[in-house]
Amino acid sequence: MTKRLYRSSDAMLGGVCAGIAEYFDLDPTLIRIAYIVLTIATVLLPSIIGYIILWIVIPPRD
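Residues numbered from 1 in each chain as written. Predicted model: local features only at pLDDT ≥ 70, side-chain atom pairs only at ≥ 80, totals over all residues. Heavy atoms only, no water.

S.K.: Residues and numbers for the overall build of the chain, please.
M.R.: Counting secondary structure elements, the chain contains three helices and zero strands. Reading the helices (α) and strands (β) of the chain from amino to carboxyl end gives α-α-α. Computed over C-alpha atoms, the radius of gyration of the chain comes to 12 Å, within 12% of the 11 Å expected from 2.2 N^0.38 for 62 residues, which places it in the range of a compact globule. Counting only C-alpha atoms, the chain reaches 40 × 20 × 20 Å along its principal axes. Within the chain, the fraction of its 62 residues that count as buried is 26%. Here the analysis covers contacts within the chain between residues at least 6 apart in sequence; of these, 40% occur between residues at least 24 apart. Total accessible area on the chain stands at roughly 4,700 Å², and carbon and sulfur atoms take up 71% of it. (Helix = DSSP H or I, 4+ residues; strand = E, 2+ residues; numbered from the N terminus. Rg over C-alpha atoms; globule rule 2.2 N^0.38 Å. Buried < 20%, exposed > 50% of the residue type's maximum accessible area, 1.4 Å probe, protein only. Contact = heavy atoms within 4.5 Å. Areas by Shrake-Rupley, 256 points an atom, 1.4 Å probe, with all protein chains shown as cover.)

S.K.: So what about helix α1 (residues 16-23)? Which residues, and what values?
M.R.: For α1, every residue scored as buried is listed here: Val16, Cys17, Ala18, Gly19 and Ala21. Packing partners of the buried residues in α1 comprise α2 (28-41) and α3 (45-57). Downstream of α1 by one or two residues, aspartate 25 has phi in the positive range, about 55°.

S.K.: Account for the packing of aromatic side chains, with residues named and values stated.
M.R.: Counted under the stated rule, the structure contains three aromatic pairs. Ring centres of tyrosine 23 and phenylalanine 24 lie 5.0 Å apart, and the angle between their planes is 90°; on these two criteria the pair is classed as edge-to-face. Phenylalanine 24 gets classed as exposed once you look at its relative accessible area, which sits at 51%. Joined through ring pairs, the aromatic side chains of Tyr35, Tyr51 and Trp55 make up one cluster. In this arrangement the basic side chain of lysine 3 is found over the ring face of tyrosine 23, its NZ or CZ atom lying 5.1 Å from the centre. (Phe/Tyr/Trp six-rings, centres within 6.5 Å; stacked < 30°, edge-to-face > 60°. Lys NZ or Arg CZ within 6 Å of the ring centre and 35° of its normal.)

S.K.: Help me get a handle on the nonpolar core, residues and values and all.
M.R.: Most often, soluble globular proteins keep nonpolar side chains buried together rather than apart. Judged by nonpolar contacts, Val16, Cys17, Ala21, Ile31, Tyr51 and Ile58 together constitute the single largest core of six residues. It is α1 that provides the largest number of residues to this core, a total of three residues. Here cysteine 17 is in contact with Ile31, Arg32, Tyr35 and Tyr51, once residues within four sequence places are set aside. (Core = buried A, V, L, I, M, F, W, Y, C linked by side-chain atoms within 4.5 Å.)

S.K.: Break down unusual backbone geometry for me, citing the residues and quoting the values.
M.R.: Of note, the phi angle at valine 43 is positive, near 60°, even though the residue is not glycine. Tracing the backbone through its elements, the reader meets valine 43 in the loop between α2 and α3. Assessed through its relative accessible area of 66%, valine 43 is described here as exposed.

Written out as structure tokens, the structure is:
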């Protein structure tokens, strides 16, 4: 059985961070904190654009 990446229903915004956390079997809070740190480190714009792209590309869990 192959693992698939889906947006999670345990979402704060779009479910991307929670979906990535489920895929790697991690706590969603760790992924969200890492995303915030990355966003601040890259001066906001690239991370926000990346999140929106992932939101569009990653399918929701049915």
